[in-house]
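Fold and geometry: a report
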Amino acid sequence: MDRTAQLVARPAEYAVVYDPATPPGPPHHATRHHATADHASARPGAPHTGASHRAPRAGALRRRAADVLAGNWTGTSTVPSPGLYPHQWSWDSAFIAIGLRHVSPHRAQTELETLLDAQWGDGRIPHIVFNPSVPLDAYFPSPDFWRSSTAGRAAGAPRTVQTSGIVQPPVHALAVWLVHRADPGLSRARGFLARMYPRLAAWHRYLLHRRDLGGGGLVSVVHPWEQGMDNAPSWDTPLARVTPAPARSFRRADLDHGAPEDRPTDLDYGRYVRLATEYRDGGYADGGHAGNHGAAAGGRGVGDYRAGGHDGRVHEGSGHGVGGGEFAVEDPSFNALLIASEHALARIAHELGAAGTARHARAERLTAALVERLWDPAEGMFFCRDLRGGDPDPGRDQRGGEADRSRGPRGGHPEPGGRPPAGALIRERGVSGLVPLLLPGLPREVAAGLVRTLRGPHFGLGGATRLAPSYDLLGEEFDPHRYWRGPAWFNTSWLLERGLRQHGEQAGADALRRAVLEIADSSDFAEYVDPYTGEACGATGFSWTAALTLDLLHDDTTSGTAVTPAAARALTPGPVVRNTAASGPTSATVTPNPGAGAMTSGVAVANPVAGEATSSTAVTYPSPGATTSGPRITASADSTDSTDSTDSAEITALKGGDRG
């Protein structure tokens, strides 16, 4: 087979439920791959929710969710909550885009483009992008705490926008792919995937090369805020080693918007501030594991890493983590979302003309590493691994019996050379340990164990609870109202619904979907809820709750409802003047989007797939190396990541572009 034939040959498809098998049509006639609530409600013993009663409520719910997103839109991005969280948050924007694609694919693209415009030169996507029009005292830690443009200079922090210096879970490639699928014609005409791919590749490369602190291939978080579940009991043990910052050294703005008993404690907050301060004062430098760095990722070691777009310096650690930091944890949810996004990045590469098989293979290797290092078959779930924690009883393995020396103590296969995995598992049952159910490549017995645990006494889904709690119902630290120490969250419920469906648990997925929609409705799109009662906690009118409601409503195409034209116009971006060279022309004219049945911006495009022009203005398809504003990042052929090099070279060869 000649080279061109090799490059365009289509690999076997990976069937995953968060990736529709066929491009969706308009909402009323979409090809459906999920069972509807009507079909589920026809099962014996299921509550009756006939279409005649559900349709008007579904329509009203859809409109209210769209109104929340319109109200939280700033002009370039969506805030999670105007009072409590008045800036752009990284994984929030990814979840928001996943739902927003159903009513405005163009604005969903803009959401992600705005976030990635703030990407650092070393590849990291910061967890907050600050809005300069918001007063400094409206949120803490504020831009003057993070000092990204100065403290992060060596790591390539952008000069024109202020950000934090830590990261959040990598849901972004999955969001980019799903947004593309909502309107492939618009996406191709705007060069959306071609502009996003090198940035997403750099983001994954940063995580896999700079954050493999344990040397076993998994990514570590260096602050509880990075994992997204800020005050989960899983962090109590590693945080206990951190000396808290004095309470007088900072002022918490979150307590102005929520009850103190529902928020993290002052002691926890002092430790968060201490960790962030030390990371900042170390120049946001990351340390890597000296030796087996990037094994599961297929990399060649931290010393060889070169990220496009900054000074190229490598800030190597001592093998003891980030800047000598006391907190380094391998988290199952963070790594599972990276794996899901690797599968999505393979789809993106495939769409751009590369095979994408190397990325699927890397996702499979990462899945194997996740199971080997964090899975406990006796408990039926994944646990966090504290890389700074010692093994309290090295003579016994994680399953309660004598250690199998061929596998290493405390669970997991040994490292190369027969070394046991570093650190110790943190034996706190949190919802993070169930999120890997999302992955298509899990061994059957692992998926079955997760489902049993989800339905068992510790989480009670479908019995004691309708939404999975964030923490063990039977745990000593369980509190149904305190942030991530017990309440149920809508983003984790969405991930679990996808996971149940992925592994053939259709009835359970249908029931969870119904519960999410009903509780989102009754709680006024709450930030989180009491897992027993569904009582609203935290902020209401929360953006990702509204967005994921839209996504789950989109699965139900029987209700005959749609967003009103007025709501669609409110969700449509106005003139976007930034990055016009890379993004193509935009305007405030609103035109129907026939691909997704929603309103989008009036971009004058030619559909490269159907060949049908919607206007006379041409939009060029940018080369894969093209970037928007901010630090220049490319997935160039000199990258040490062979997966990136292969895909980038193939995409460039097929598109005839310049990697730059």
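Residues numbered from 1 in each chain as written. Predicted model: local features only at pLDDT ≥ 70, side-chain atom pairs only at ≥ 80, totals over all residues. Heavy atoms only, no water.

**Topic: the packing of helix α17 (residues 490-502) against helix α19 (residues 543-554)**
- Interhelical geometry of α17 versus α19 gives an angle of 25 degrees and a closest axis separation of 9 Å. When the interaxial angle is binned, α17 and α19 end up roughly parallel. As for how α17 packs across α19, the hand of that crossing is left-handed. Contact residues: α17 offers Phe490, Asn491, Trp494, Glu497 and Arg498, while α19 offers Trp544, Thr545, Leu548, Asp551 and Leu552. (Axes fitted to C-alpha atoms, helices over the stretch in contact; angles between N-to-C directions. Helix = DSSP H or I, 4+ residues; strand = E, 2+ residues; numbered from the N terminus. Parallel < 35°, antiparallel > 145°, perpendicular 65-115°, else oblique. Left-handed = near helix turned anticlockwise from the far one by under 90°. Contact = heavy atoms within 4.5 Å.)

**As for the nonpolar core**
- Counting residues in hydrophobic clusters, the biggest one holds 149 residues, and the most contacted among them are Phe95, Ile348, Phe382, Leu450 and Leu467.
- In terms of residue count, helix α10 (residues 192-210) provides more of this core than any other element does, 11 residues in total. (Core = buried A, V, L, I, M, F, W, Y, C linked by side-chain atoms within 4.5 Å. Buried < 20%, exposed > 50% of the residue type's maximum accessible area, 1.4 Å probe, protein only.)

**What to know about the side chain of histidine 180**
- For histidine 180, the location among the structural elements is in helix α8 (residues 172-182).
- Contact partners of histidine 180, with chain neighbours within four places excluded, come to Ser187, Arg188, Phe192, Leu193 and Glu351.

**Structural notes on the pattern of salt bridges**
- Here the structure, examined in full by the defined rule, presents 28 salt bridges.
- Between aspartate 551 and arginine 101 there is a salt bridge whose closest N-O contact spans 2.8 Å. Of this pair, aspartate 551 sits in helix α19 while arginine 101 sits in the loop between α4 (90-100) and α5 (105-117), placing them 450 residues apart in sequence. Of the two residues, aspartate 551 and arginine 101, both sit in the buried class.
- Two residues, arginine 211 and aspartate 286, come together in a salt bridge whose shortest N-O distance is 3.2 Å. With a gap of 75 residues between them, arginine 211 in the loop between α10 and β3 (220-221) and aspartate 286 in the loop between α13 (266-281) and β4 (329-330) connect regions that are remote in the sequence. As far as the burial class goes, arginine 211 and aspartate 286 line up, both buried.
- Salt bridges linked by common partners bring Arg101, Glu497, Arg498, Arg501, Asp510 and Asp551 together as one network. (Salt bridge = Lys/Arg side-chain N within 4 Å of Asp/Glu carboxyl O.)

**Considerations on the packing of α8 against helix α14 (residues 332-351)**
- Where α8 meets α14, the axes come as close as 7 Å, and the angle between the chain directions of the two elements is 45 degrees. In terms of axis orientation, α8 runs oblique to α14. Along this stretch, α8 crosses α14, giving a crossing that reads as left-handed. The segment α8 lies against α14, with His172, Ala173, Leu174, Val176, Trp177 and His180 engaging Ser341, Ala344, Leu345, Arg347, Ile348 and Glu351.
- Looking at side-chain class alone, the contact of α8 with α14 contains 7 nonpolar, 3 polar and 2 charged residues. (Nonpolar A, V, L, I, M, F, W, Y, C, P; charged D, E, K, R; others polar.)

**With respect to the sheet that holds strand β7 (residues 384-386)**
- If you walk across this open sheet you meet the 4 strands as β3-β4-β7-β8, and the pairing is antiparallel. Each having just a single partner strand, β3 and β8 (424-426) make up the two edges of the open sheet.
- In the packing of helix α15 (residues 357-374) onto the sheet, contacts are made with β4, β7 and β8, and the angle to β7 comes to roughly 65 degrees. (Pairing = 2+ DSSP bridges.)

**Focus on the side chain of aspartate 510**
- With respect to the element layout, aspartate 510 can be found in helix α18 (residues 506-522).
- The class of aspartate 510 is buried, set by a relative accessible area of 5%.
- A polar side-chain atom of aspartate 510 sits 3.0 Å from a polar atom in the side chain of arginine 501. (Polar contact = N/O pair within 3.5 Å; in protein donor to acceptor, adjacent residues only side chain to side chain.)

**Quick word on the environment of histidine 343**
- Note that histidine 343 resides in helix α14.
- Remark: the alpha-carbon pair of histidine 343 and alanine 358, spanning 15 residues in sequence, is separated by 9.9 Å.

**A short note on the environment of asparagine 72**
- Among the secondary structure elements, asparagine 72 is positioned in the loop between α3 (51-71) and β1 (88-89).
- Taking the C-alpha atoms as reference points, asparagine 72 and glycine 541, 469 residues apart in sequence, are found 8.6 Å from one another.

**Observations concerning the confidence of the model for the chain**
- On average, the chain scores 74 in pLDDT, and the residues at 70 or more come to 63%.
- A low-confidence stretch, residues 392-414 (pLDDT under 50), is modelled with 53 contacts involving residues beyond four sequence positions or located in other chains.
- Counted against residues more than four places away or in other chains, residues 656-660, with its pLDDT under 50, gives 17 contacts. (pLDDT = per-residue confidence, 0-100.)

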